[in-house]
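Summary of structural features
Each chain, letter by letter, is given below.
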Amino acid sequence: DAGVIQSPRHEVTEMGQEVTLRCKPISGHNSLFWYRQTMMRGLELLIYFNNNVPIDDSGMPEDRFSAKMPNASFSTLKIQPSEPRDSAVYFCASRKRSGQGIQETQYFGPGTRLLVL
Amino acid sequence: RKEVEQDPGPFNVPEGATVAFNCTYSNSASQSFFWYRQDCRKEPKLLMSVYSSGNEDGRFTAQLNRASQYISLLIRDSKLSDSATYLCVVNKGLLYGGSQGNLIFGKGTKLSVKP
């Protein structure tokens, strides 16, 4: 079975440019998470969706960041305009909520390494 | 106090050694606890869940002390392939709002097993 798919795997862009990161969760998973990882701050949750609906976006750093999940199999994280301090690895993860309660094992995609010059 | 705190290491140990990692968490309402493993330039992957009674999976043993808000991971007979960063993970809990399903990741403890 395919795991979480992210694209692109690497992105190098210049300050001020728009960046769009993409994620396809594992089929049948109904929760999706966007994380950012840096050496200084570790792994931070940016936003997460349940059944395509944003539940908690308190981790989104500022208005330059936006995320959408138009359907169960696709999500995007957009940064506009990008800044050098946005350079990080961005992970998408998905999770299946079971009928017996919350199945909290999250499965991560390979990440997108973003460098903003 | 940080939500999840770990010693960053690195822990440099010879093959066959036993090594233990510790982690403390600040949210007393947390209900779920995990250890994730992250290899260099890879994504985090679940290593094991941590149960109140303690649990073992092969060479790995996890312990939870709710009173002290403390989690541990013990690796016996360490292998070269155990070299990685080990992330302590705690669910957010309702006390701090948001979904109980939110996970808080520690920054990780780096382990390097040498021949």
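These remarks concern the structure in this document.

Definitions and limits used
- Residues numbered from 1 in each chain as written.
- Chains lettered and ligands numbered in written order.
- Predicted model: local features only at pLDDT ≥ 70, side-chain atom pairs only at ≥ 80, totals over all residues.
- Heavy atoms only, no water.
- Pairing = 2+ DSSP bridges.
- Helix = DSSP H or I, 4+ residues; strand = E, 2+ residues; numbered from the N terminus.
- Axes fitted to C-alpha atoms, helices over the stretch in contact; angles between N-to-C directions.
- Contact = heavy atoms within 4.5 Å.
- Salt bridge = Lys/Arg side-chain N within 4 Å of Asp/Glu carboxyl O.
- Polar contact = N/O pair within 3.5 Å; in protein donor to acceptor, adjacent residues only side chain to side chain.
- Nonpolar A, V, L, I, M, F, W, Y, C, P; charged D, E, K, R; others polar.

Thoughts on the sheet that holds strand E7 (residues 65-71) of chain A
All names here are of chain A. Strand order in this open sheet of four strands is E1-E3-E8-E7, and the pairing throughout is antiparallel. At either end of the open sheet lies a strand with only one pairing partner, and these are strand E1 (5-7) and E7. Averaged over neighbouring strand pairs, the angle between their axes works out to 15° when direction is ignored. The sheet contact formed by E7 and strand E8 (residues 74-79) spans five bridges and is antiparallel. Looking at the pairing, Ser66 lines up with Lys78 of E8.

Re the interface of chain B and chain A
Facing 19 residues of chain B, the contacting portion of chain A comprises 20 residues. Summed over the shared surface of chain B and chain A, the number is zero salt bridges. Summed over the shared surface of chain B and chain A, the result is three residue pairs in polar contact (both at pLDDT 80 or more). Among the secondary structure elements, those contributing two or more residues to the side of chain B that touches chain A are strand E4 (33-38), strand E5 (44-50) and strand E10 (103-105) of chain B. Counted by class, the side of chain B that touches chain A contains six nonpolar, eight polar and five charged residues.

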